[in-house]
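# Residue-level structure breakdown
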Amino acid sequence: MSSIQSNDEVPVRTLPNNERIKRLKDYFCEEFGCEPKFFVRVPGRVNLIGEHIDYCGYPVLPMALEQDILIAAAILNKPEVHLRNINNKYDNFKMEVRSCEDLNIIPDSNGKPFWYNYVLCGVKGALEFLNDRIDSGLQIVVDGNIPPASGLSSSSALVSASCLAVLYAQKVPLSKTDIASLCAKCERYIGTQGGGMDQAIAFLAQKNCAQYITWQPLKATPVALPENAAFVVAHSISEANKAATNDFNRRVIECRLAAKIIVTRAGAATDKKIITLSQVQSKLDNSLEDMVKLVYEHLPKDLYTKSEICEILHVNEEELEQLYLTPNTSHLTEFKLKQRALHVYEEAQRVEDFRKQCSQIVSNSNGQNGVNGKSNAIVCENGDGDDIINILGNLMYGSHQSLNELYECSHDNLNHLVNLSKTMNVNSRVTGAGWGGCIIALCHKDKVNSYIDMLIEEFYSKYCKIDKNKARSYVFATTPNHGAEIYVNK
Ligand code: ADP
Ligand code: NG1
Ligand code: MG
């Protein structure tokens, strides 16, 4: 890193003096017989709205969590990574890392990634960026407290922290947007074709505001949130590792195929590069509402077979696989295109509506928090904050219904949590990729405690038969945290 830091770079701060750092330092010393040289902290995130649309080119609206991946690192004088994890369910690992090409990321015999594969994705990304010009390595201890495989982006925090550690050790200055894009790219080595939301918010997050993230070029615009609103994350007690199945990639390729067919049938297929639903919208110069109509017109069927799609796109099966499918989706024979495309265009509209509502939040100037250093205390031009909470909540509930019905990425437990929330007039939705994981609920600050108590009683205790004291660790209120940082002994 350069000695003069710009605001665009990941901040390098003095090592905080707290119990967690001390424990991690002690663990590092015990394992490696030396002190760590620096630490890297990358937060998890919760997405407020805009699910499964980042990889279609549409804006999303996440915020960073307090929970994070914290790693301690020391430089080795040979190109190797030596890994330890504070949590002993994750095995030790060691590997030579000479070149990006030789660094193969191989899952277990059931296709599930090993935990260290996420670290290797970050290392591989850094090697690629450095053109393999690396002659040192790293000793790393990982300490994470983001619930894994739960839609709160533990994977991206781990990939990003690892990539950042290698680049920092190599003294490479990189802007936050550049490293976020690099990490989005290198996490794909795990096998999932994600869009980049998780890595973007991990680096670009700011305290006290959510971010409206747009692509090409990557940009994050702060969004003020109602001050009388609280966001509550509740775990469904069901996990889903996205790289262990093809559920995630299936949705990605269904969106690609839908995009290609709409643009072809709309008579504008000359552009070979078009592969996302947002590119189709730009090409046709339509509103999102018009795109919804086009989906019904050009994708009327509930199910499309591989051969039908080949016929529409004038390609043979081999070309279809090569051009649009991924290794873990090439064998699929039936695809739901209408449902996926409808979700994407309607969800993109909900994001715009959500943001528009938040833009009515007028900052007052008592200087505590919020956008541009001002408070995000809500004073609405068109009424009080409760109106906005209701409108935002309804958008979130609409998002959940669409993810459940059109995108089919919810889970019975998630639906149960969402329905229980409704009994207290609290709106919520699955957050992250889904198939398990968490809901994010928007509730009035005054009823946060009674809402959490209700979930503990009705969901965790009665439905999941979990001890009430333990249940408290599965549900928490959260406020927007800041993004990744590096700590050194200054
Ligand atoms: P998420 O929604 O949390 O990003 P993913 O399925 O994408 O879920 O990734 C979860 C995987 O990330 C876990 O199965 C594990 O391999 C890895 N992981 C997450 N947190 C940790 C951690 N603290 N230590 C080691 N590996 C972790
Ligand atoms: P999670 O649930 O954290 O694995 C995934 C993707 C995001 C986004 C969401 C769905 C990765 C690394 N993350 O997040 O890009 O598509 O699902 O909105 O692939
Ligand atoms: Mg993930």
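Calculation notes
- Residues numbered from 1 in each chain as written.
- Chains lettered and ligands numbered in written order.
- Predicted model: local features only at pLDDT ≥ 70, side-chain atom pairs only at ≥ 80, totals over all residues.
- Heavy atoms only, no water.
- UniProt positions renumbered as here; feature names shortened; annotations may be inferred.
- Helix = DSSP H or I, 4+ residues; strand = E, 2+ residues; numbered from the N terminus.
- Rg over C-alpha atoms; globule rule 2.2 N^0.38 Å.
- Buried < 20%, exposed > 50% of the residue type's maximum accessible area, 1.4 Å probe, protein only.
- Contact = heavy atoms within 4.5 Å.
- Areas by Shrake-Rupley, 256 points an atom, 1.4 Å probe, with all protein chains shown as cover.
- Near = heavy atom within 4 Å.
- Polar contact = N/O pair within 3.5 Å; in protein donor to acceptor, adjacent residues only side chain to side chain.
- Nonpolar A, V, L, I, M, F, W, Y, C, P; charged D, E, K, R; others polar.
- Bend = angle between axes of the 7 residues up to and from the residue.
- Axes fitted to C-alpha atoms, helices over the stretch in contact; angles between N-to-C directions.
- Parallel < 35°, antiparallel > 145°, perpendicular 65-115°, else oblique.
- Left-handed = near helix turned anticlockwise from the far one by under 90°.

An unreviewed UniProt entry lists the protein under the name N-acetylgalactosamine kinase, from Trichoplusia ni. Quoted verbatim from the Sequence similarities (unreviewed entry) field of UniProt, the annotation for the protein is "Belongs to the GHMP kinase family. GalK subfamily."

## Examining the overall build of the protein
Scanning the protein from terminus to terminus reveals 15 helices and 15 strands. What you see for the protein is a C-alpha radius of gyration of 23 Å, in line with the 23 Å of a compact globule of 490 residues. For the protein, the proportion of its 490 residues judged to be buried stands at 58%. For the protein, contacts bridging at least 24 residues in sequence account for 74% of all contacts bridging at least 6. Surface exposure of the protein reaches about 20500 Å², of which carbon and sulfur atoms provide 45%.

## Comments concerning the site of ligand 2
Neighbouring ligand 2 are 19 residues, the closest being Glu51, His52, Asp54, Asp198 and Ala433. In this structure, Arg45 approaches ligand 2 through a side-chain N or O atom, which is 3.0 Å from an oxygen atom. A distance of 3.2 Å is found between an oxygen atom of ligand 2 and a backbone nitrogen or oxygen belonging to Gly195. For ligand 2, whose unbound accessible area comes to 450 Å², protein coverage reaches 96%. The element contributing the most residues to the shell around ligand 2 is helix 5 (residues 197–204), with 3 residues. Class assignment for the residues of the shell around ligand 2 results in 4 nonpolar, 9 polar and 6 charged.

## What about helix 14 (residues 448–463)?
By the largest-angle criterion, Ile456 marks the main kink of helix 14, which is about 30°. All of the buried residues in helix 14 are Val448, Tyr451, Ile452, Met454, Leu455, Ile456, Phe459, Tyr460 and Ser461. One or two residues past the end of helix 14 sits Lys465, with phi positive at roughly 55°.

## A word on the packing of helix 7 (residues 277–284) against helix 11 (residues 338–358)
Two elements in contact, helix 7 and helix 11, have axes separated by 10 Å at closest approach and are oriented at 70°. When the axes of helix 7 and helix 11 are compared, the pair comes out roughly perpendicular. Where helix 7 crosses over helix 11, the handedness of that crossing is right-handed. Residues Leu277, Val280 and Gln281 of helix 7 form the contact with helix 11, whose participating residues are Ala341, Val344 and Tyr345. The residue inventory of the contact of helix 7 with helix 11, partitioned by class, reads 5 nonpolar, 1 polar and no charged.

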